[in-house]
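# Tertiary structure, described
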Amino acid sequence: SASCQIPHTHTNKSKRTQQRSIMSGAEEETTQNPGSFDNLSGAVRGLFALNMAFKGAMLSIQRPVGNHLILGHTIGINGKDSYYRFRPNYVGTLNKKSEQEMYPICAAEISHDGDFSANIVHEITEGWKTKLQIQANSQSFDAAVLENEFSGKDFTASLKTINFNPARSTGMWSASYFQGVTPNLSLGTEFQYQHHPQGEGSVFQFGGRYAGANWVGSALLNTALNINATYVHKISPTIVAGCDLDGNLLQMAFRSSVAVQYNFQTSSYKAQVTSDGVVAGLFEKQLAPAFNLVLSIVLNHAKNDAYAGIGLNIG
């Protein structure tokens, strides 16, 4: 990968900006906020069937409780790997910008074996969001990320503290800046610094994204010579295709993926092929309002392995 693996959240604002850049048929007349630097290549990630693949049988139920709380339950049946997950999601009204955008946002997930994760997002003032992510299990904390994101008309800046533990002298810090240069072009940079008892390390990375009338491409390069390049093209109103390339120029090792998504009136299909021999497909069909059938299949030719899943989403 072209960057350190840092968990992050995506705001609704950055998603809407991304969708506008990819799917609009004409250029924006003015430079827009480009979203976060973390989401530089977010357009192609949404096409990958592997990101949503699952094994066995799955039932997911989601229902609102009042106007601000949604409770979700997921049951997975897959032999010894069966699980139950409880997902409460709360949207408050301390900062109500519209009926679709209110803060704070609190989302959590608790599994039957004690794994816990939580995401909290709050807009302190106009253009300043604070985000907290926590991951833990029954014995210890796995990760904690505190981020402050500052966004203006045509830029987004971010400061993060990741897994900081002064008692063990460990932690990671990052600072990023993403600027909309023109209505089509956005450029950004990020600095990451990590400290641990055995030493310290840092990396700079530079990236850019260009959006055409029906396509978007991005590229990322860091000082360790890791690269990432993506391209997404809206072929027709119902077909979107994309590709992704990850690699290291020093080691000359690369991995690529090609994906396509078909959108129909009441269903969608995603397919993905990777350079290491993995083929994945995901089919979702609306059986009735709030009832969706999901079918997943993954074939790993390199490992001579395959698995499939069938699920039902309610709510």
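Residues numbered from 1 in each chain as written. Predicted model: local features only at pLDDT ≥ 70, side-chain atom pairs only at ≥ 80, totals over all residues. Heavy atoms only, no water.

## Let's talk about the confidence of the model for the protein
Residues at a pLDDT of 70 or more form 91% of the protein, whose mean pLDDT is 89. For the stretch residues 1-28, pLDDT sits under 50, and the model shows 66 contacts to residues farther than four places along the chain or on other chains. (pLDDT = per-residue confidence, 0-100. Contact = heavy atoms within 4.5 Å.)

## Re the environment of A213
Counting through the fold element by element, A213 comes out in the loop between β11 (199-211) and β12 (215-222). Linking A213 and K234, residues 21 residues apart in sequence, is a C-alpha distance of 9.1 Å. (Helix = DSSP H or I, 4+ residues; strand = E, 2+ residues; numbered from the N terminus.)

## Some thoughts on the packing of aromatic side chains
In total, this model carries 10 aromatic pairs according to the counting rule given. Between F155 and Y177, the aromatic rings sit 5.7 Å apart at their centres with planes inclined by 20°, giving stacked as the arrangement. Placement of the pair is F155 in strand β8 (residues 155-165) and Y177 in strand β9 (residues 170-180), with a sequence separation of 22 residues. A residue is classified by how much of its surface remains accessible, and Y177, at 36% relative accessible area, is partly exposed. Considering the side-chain rings of Y262 and F264, the 6.5 Å spacing of their centres and the 5° angle between planes classify their relative orientation as stacked. (Phe/Tyr/Trp six-rings, centres within 6.5 Å; stacked < 30°, edge-to-face > 60°. Buried < 20%, exposed > 50% of the residue type's maximum accessible area, 1.4 Å probe, protein only.)

## Overview of the pattern of salt bridges
Scanning the entire structure with this criterion turns up 7 salt bridges. Residues K131 and E149 are paired through a salt bridge, measuring 3.2 Å at the closest nitrogen-oxygen approach. Within this pair, whereas K131 is found in strand β6 (residues 128-136), its partner E149 is found in strand β7 (residues 141-151), the two being separated by 18 residues in sequence. E149 matches K131 in its accessibility class, with the two residues each being buried. With a closest N to O distance of 3.0 Å, D276 and R255 form a salt bridge. Remark: R255 occurs in strand β15 (residues 253-263) and D276 occurs in the loop between β16 (267-274) and β17 (278-288); sequence separation between them is 21 residues. We classify D276 as partly exposed; its relative accessible area is 35%. Taking the relative accessible area as the measure of exposure, R255 reaches 36% and is therefore partly exposed. A single network of salt bridges, built from pairs that share partners, joins K97, E123, E126 and K129. (Salt bridge = Lys/Arg side-chain N within 4 Å of Asp/Glu carboxyl O.)

## Describing unusual backbone geometry
For the bond from Y103 to P104, the omega torsion is 5°, close enough to zero to count as cis. Looking at the secondary structure, you find P104 in strand β4 (residues 102-111). Positive phi values are uncommon outside glycine, yet S169 reaches one of about 55°. Judged by relative accessible area, S169 falls into the partly exposed class, the value being 35%. Non-glycine residue A290 carries a positive phi angle of around 70°. Residue classification places A290 among the partly exposed residues on the basis of a relative accessible area of 38%.

## Observations regarding the pairing of strand β2 (residues 69-77)
Regular strands place their side chains on alternate faces of the sheet. Note: strand β1 (residues 56-65) against β2, 9 bridges, orientation antiparallel. When the sheet's bridge partners are listed, P64 is paired in β2 with I70. Linking β1 to β2, which pair antiparallel, is a turn of 3 residues; within it G66 sits at a positive phi near 80°. Pairing between β2 and strand β3 (residues 83-96): 8 bridges, direction antiparallel. Across the sheet, the residue bridging to G72 is R87, located in β3. Counted between consecutive antiparallel strands, the loop separating β2 from β3 contains 5 residues, among which G79 sits at a positive phi close to 60°. (Pairing = 2+ DSSP bridges.)

## Some points on the pairing of strand β5 (residues 116-125)
Of the pairings in the sheet, the one linking β4 to β5 comprises 6 bridges and is antiparallel in character. Residue pairing in the sheet places I105 in a bridge with V121 of β5. Linking two consecutive strands that pair antiparallel, namely β4 and β5, is a turn of 4 residues; a positive phi of about 95° is found at G114 within it. The pairing of β5 with β6 spans 9 bridges and is classified as antiparallel. The residue of β6 that forms the bridge with E123 is K129. Linking β5 back to β6 in an antiparallel pair, the connection comprises 2 residues, with G127 at a positive phi of about 85°.

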